[in-house]
Structure formats: structure tokens, C-alpha cells
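A structural walkthrough
What follows is each chain in one-letter form.
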Amino acid sequence: MLAELGRQASGEIVRLPAGPSPVYLFSHPDDVQHVLRGNWENYRRQGMFWRPLQRLLGESVLNDGAVWQSSRDILQPLFTARYVTTLAGEMAATVDERIGELEGYAESGHSFDAGEEMADIVNETVIKVLFGGRLSREAGRRLSPAYDRAARSIAFRLFMPFMPYSVRLPGDRAFMDAVEAIDDVVLPMVRGALAHPRPGRDVFSVLCQARQGQGNEERQIRDDVVSVYGAAAESTATTLTWLWPLLDAHPQVAARLSAEVEHVVGTGPVLPSHLPELRYTKMVLQELMRVRPAGWLFPRVAEREDLVRGVPIEAGAQVLITPYATHRLDEFWDRPEDFDPERFSPGEQERRHRYAYFPFGGGPHQCLGRHLFHMAAPLIVAAILSRFRPVLRGGGPFTPAPAGSLRPREKVELGLLPIRRGER
Ligand code: HEM
């Protein structure tokens, strides 16, 4: 609906008939840039759309103001392109080992729920490396379904953000149960990390080094860990889940992708040195995030009144930004509904408005994990395609369901065929 409204208005600002305070949809890249970068300090991550999430995230890098700044300053050095590159060897080896475990599906012919399997793969690779192994496999397997329940059960609150908490909505109970389940896993890990601090450069160790002795450190570390895990695991797994239905619907793209992986990786294992050569893989992932941006809604509240391209925006107004709408504007995208990775061939991006495409947001709140994603996702995709030919079993069409992230409403059931030499 938001995408359709943005499109009908050709990117002009739309006032939505919702709730007691004014709500605006901004989809034009100039307006997105104004909110995320130009006048970002006036547009805060708070208000009725953020409130439901706060019960899970607490006070963290996903907030705003001084709390956000202090967490961002602590975490930033762990996410620079240069630092992330130092993790590539360990991550590639972990990915290779974990994808090897999928052999069982190929041998038995059994299919699996791609959403669940991608979440587990992300836990075992990206999260394991990021959290320095402090998150055991067993803990990850309890966390992932709890976040899943939280992301699904929050949908009612996102659609009725103005509803007071004294009024119970469907999903409220499930959401609070999910928060409790997440705390049951995370709090003992935080206590363990505080009791046995290590000099490492993983998220836990760095947060402990920075927060120890500040008072209230258990809560501060818990909030940042829960937020970073939520931001990293859910969005990465959702994006990878969408890949399979889209490849199934676009066999030429799938064939070219497999050909690239065969050429670059061969029979494996996938190595960090393959990454610069996996150019088409990167283009496919970029186009995937255009049509299915996992982070689909960035709500903000205008602190003071503003004038945006001639439209007065009142203090206290809610401003909604969604890449799902901007990524589909006819004024900026040719055939926006077509899945076409060529849009991201070298040189194409430079010709576009910087804010016509922003799956990782922009400005001071830009996603910390984008370099990590661009390293982990091609490694995972290449490791899978170097060993197997994935086949979708039934289902479809797959429709985007707006939950905490933009997931397929239907279960994506996937089978794996082993690749025989010369058959690809
Ligand atoms: C497909 C994968 C991902 C997508 C689509 C994504 C998307 C986003 C977006 C859109 C924002 C900005 C939100 C806003 O402006 O309100 C964001 C922020 C953030 N992301 Fe990601 N993200 C992804 C992966 C990751 C990973 C792997 C990590 C960490 C390991 C991560 C950590 C963060 C953090 C900490 C923030 C908050 C930054 C701040 O406000 O200073 N993300 N992400």
C-alpha cells in the first residue's frame, strides 16, 4: 500500500489518514536524503512506531540521541570495511563447514524450510564470528525462533501504533514471551562475559571493555547485544530466504549465477580471494535488496517543524520512509517490478540518485553491518551453489509480509540436488 501511494504521487509527499498525529510518507530520494542525512538531527528514531520495539531493544544503538551515539562509537570500529576484511578467512571456513552439513538433504532428497535453515546458517557463520563464539549453537537455536516470534507478533502494533498499551492487541502476549525467551539466553551470556572478560575484538568483549565499571553495565550490554543480534541475524536470513523464490522465477539469472560460481569457486571451498570475482553474485544480491529490502520501514518523528520541498511538516509529525516504495518509483527505475540484476552492473549505480537505492539506510544511522553483509552473503550463496542445485518444492507466489523485517508470508520449501561434474 505504501509503495502504491508513493508511486501514485510520483514521489511527492503523501499525508496518510492515520492516528491522532500527522503521518507522512516520504518516498522521493531528495526527501529521503533530507531526513536521513541533511536534517537528520530533526528526525528522531522515536515515537509510536518505535515504542513497540523498545520493549525488546531497550536503550541501544538502535535508539537515538546520546544513548545511540555512545553505543555507535563503541561498535563502529568492529564494522569498518578494513576490520571486517580481517574476519574473512574465519568466516569463509565457517561457511564452508556449515554448508557442508547440507549434504544430508541432497543425499536423502528431503526438503527443508529455507527460512529456518538460512536463520541457522547465519547464526552459525555471521553471528558466531561476530560474537566471538560466545553464542553456542544451542543458544543460537533458541534465540532464532524467539526473534522470529517477536518479529511476527509485533505486526499488529506496527499497524496500529497509536493504540495505547492499556488496550491489549493480538500478538502482545506472544511478543512479551519472546522477549523473555531472548533474555533467558542473552542475560546469562552477558553475565558470563562480565565475569570473565577477554581482550578479544568480538561484540561481547568490546562492549564489556567499554562498559565495565559504568554501573548498569549488564543492562547496557544486554540492550546492545539484543539489538545487534536482531539487526544482523533477522535481516541477513530474510534476505537470503528471498533469494530462492526469485531465482526459481528467473532461471536465466539462476543459470548465470551458478555459472559464475562454478567458474570462480569450482568445487570449493569458497575463499576470501573469490569475493572480488563474484561480481554477478553481488549484482544479484543488490537487486534482491532492491525488490525485497529486509529493512522496509524507517519511521522518524520531526522534533521541530520543517519545510520539505514546500510542504510544511509539523513538530511531532511522524515521517515514514520505506525503501520498498522508493525502490519502485517509475521516475527513478525503469520497469521497477522486474527483477533485473543488470541494474547494478558497473557504472550504473553512479548514474542514479544516491537515495534512489538505500537498503542499508543512510546518513549517521546507516547500517553498521553492510560490509559484513557484503562479505558473508556472497560467501554463503557461493558455498551453496558450488555444491548444490537448489530447487523450490511447490509453493508460490511468495508475497512480502511486513513484520519486523519483510519476510515471505508463505513457507519457502527448498530441496538440494547434488551437482554432478559437467552437469551444471
Ligand atoms: C541484509 C542485511 C541488512 C539490512 C537490509 C540492514 C538494514 C539496515 C537499515 C535499513 C538500517 C538503518 C535503520 C534506520 O535508519 O532507522 C540498519 C541499521 C543498523 N544495522 Fe543493519 N542491515 C543488515 C545487516 C546488518 C548486519 C549484518 C548487522 C550487524 C552485524 C547490522 C547492524 C545494524 C546496526 C547496529 C544498525 C544501527 C545503526 C545506527 O543506527 O547507528 N545490520 N540496518
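Residues numbered from 1 in each chain as written. Predicted model: local features only at pLDDT ≥ 70, side-chain atom pairs only at ≥ 80, totals over all residues. Heavy atoms only, no water.

With respect to the overall build of the protein
In plain terms, the rule: Where helices and strands are cited, they refer to DSSP runs of H or I of at least four residues and of E of at least two residues respectively, numbered from the N terminus. In this treatment the radius of gyration is a C-alpha quantity, and the globule benchmark scales as 2.2 Å times the residue count to the 0.38 power. Burial here depends on accessible area, computed with a 1.4 Å probe over protein chains only, as a share of the maximum for the residue type. Under 20% is buried, over 50% is exposed, and the range in between is partly exposed. Whether two residues touch is decided by their heavy atoms; if any such pair falls within 4.5 Å, the residues are in contact. Note on areas: Shrake-Rupley, 1.4 Å probe, and residue coverage restricted to the protein chains presented here. We treat Lys and Arg as the positive residues and Asp and Glu as the negative residues; His and chain ends play no part in the count. Each charge is placed at NZ for Lys, CZ for Arg, CG for Asp and CD for Glu.
Of the regular secondary structure elements, the protein holds 17 helices and 12 strands. Over its C-alpha atoms the protein spans a radius of gyration of 21 Å, differing by no more than 12% from the 22 Å that the globule rule assigns to 424 residues. For the protein, the residues scored as buried account for 55% of the 424 residues in total. Here the contacts in the protein between residues at least 6 apart in sequence split such that 73% fall between residues at least 24 apart. For the protein, the exposed surface amounts to about 18,000 Å²; the carbon and sulfur share of it is 53%. Charged side chains of the protein number 50 positive and 53 negative; the gap between the two group centres comes to 1 Å.

Considering unusual backbone geometry
Glycine aside, residues mostly have negative phi angles, and peptide bonds mostly take the trans form. Geometrically, the link from glycine 268 to proline 269 is a cis peptide bond, its omega value of -5° lying close to zero. Mapped onto the elements, proline 269 comes out in the loop between helix 14 (251-265) and helix 15 (279-291). Its identity as a non-glycine residue notwithstanding, arginine 309 has a phi of 45°, on the positive side. With respect to the helices, strands and loops of the structure, arginine 309 is situated in the loop between strand 6 (306-308) and strand 7 (311-313). In this structure arginine 309 comes out as partly exposed when scored by relative accessible area, which is 40%. Residue arginine 335 is not a glycine yet carries a positive backbone phi of 45°. Among the secondary structure elements, arginine 335 is positioned in the loop between helix 16 (323-326) and helix 17 (370-387).

So, the environment of leucine 2
Tracing the chain through its elements places leucine 2 in helix 1 (residues 2-8). Judged by relative accessible area, which is 15%, leucine 2 ranks as buried. Considered as a pair, leucine 2 and leucine 297 are 295 residues apart in the sequence and their alpha carbons are 9.9 Å apart. When residues no more than four places from it in sequence are discounted, the contact partners of leucine 2 are Leu16, Leu25, Trp296, Leu297, Thr322 and Ala325.

Things to note about the pattern of salt bridges
Just so we agree on the cut-off: Salt bridges are identified by distance alone: a Lys or Arg side-chain nitrogen within 4 Å of an Asp or Glu carboxyl oxygen.
Under the criterion given, the structure shown has 33 salt bridges. Measuring nitrogen to oxygen at the nearest pair gives 3.5 Å for the salt bridge that ties arginine 7 to glutamate 337. Of the two residues, arginine 7 is situated in helix 1 and glutamate 337 in the loop between helix 16 and helix 17; the sequence distance between them amounts to 330 residues. Since its relative accessible area comes to 24%, arginine 7 is described here as partly exposed. Here glutamate 101 and arginine 98 are joined by a salt bridge, their closest N and O atoms 3.8 Å apart. Given a relative accessible area of 40%, glutamate 101 falls into the partly exposed group. When salt bridges that share partners are traced, they join Arg98, Glu101, Glu117, Asp120, Glu124, Arg137 and Arg141 into one network.

As for the sheet that holds strand 5 (residues 298-302)
Pairing between the strands of a sheet comes from backbone hydrogen bonds, and it takes one of two forms, parallel or antiparallel. Selection criterion: DSSP bridges decide pairing: two strands pair if at least two such bridges lie between them. Axis lines are fitted to C-alpha atoms, over the contacting stretch for helices. Their N-to-C directions set the angle, which ranges from 0 to 180 degrees.
The strand order across the open sheet formed by 5 strands is 1-2-8-5-3, and the pairing between neighbours is mixed. Each edge of the open sheet carries a strand with a single partner, namely strand 1 (14-16) and strand 3 (43-44). Seen against the sheet, helix 2 (residues 29-38) touches strand 2 (23-26), strand 3, strand 5 and strand 8 (318-321) and runs at an angle of roughly 120° to strand 8.

Focus on the site of the ligand
This is how it is decided: A single heavy atom is enough: if one lies within 4 Å of a molecule or strand, its residue is considered near that molecule or strand. As used in this structure description, the phrase polar contact means that two N or O atoms lie within 3.5 Å; if the pair is within protein, one of them must be able to donate a hydrogen and the other to accept it, and residues adjacent in sequence are counted only when both atoms belong to side chains. Charged residues are taken to be Asp, Glu, Lys and Arg, nonpolar residues to be Ala, Val, Leu, Ile, Met, Phe, Trp, Tyr, Cys and Pro, and polar residues to be all remaining types, Gly included.
Not every one of the 25 residues close to the ligand is listed here, only the nearest: Arg45, Trp68, Arg72, Arg300 and Cys367. Within the backbone of valine 61, an N or O atom sits 3.5 Å from an oxygen atom of the ligand. Separating an oxygen atom of the ligand from a side-chain N or O atom of arginine 300 is a distance of 2.8 Å. Secondary-structure elements contributing two or more residues to the shell around the ligand are helix 4 (65-75), helix 13 (217-249), strand 5 and helix 17. If one sorts the elements of the shell around the ligand by residue count, helix 13 sits on top with 5 residues. Looking at the shell around the ligand residue by residue, the classes come out as 15 nonpolar, 7 polar and 3 charged.

Considering the environment of tyrosine 147
Take tyrosine 147: it is sitting in helix 9 (residues 137-153). You can call tyrosine 147 buried: its relative accessible area is 7%. Between the C-alpha atom of tyrosine 147 and that of leucine 75, which follows or precedes it by 72 residues, the distance is 22 Å. Sequence-distant contacts of tyrosine 147, defined by excluding residues within four places in its chain, comprise Leu56, Ile182, Val226, Tyr229, Gly230 and Glu234.

Any functional reading would require information beyond the geometric quantities listed.
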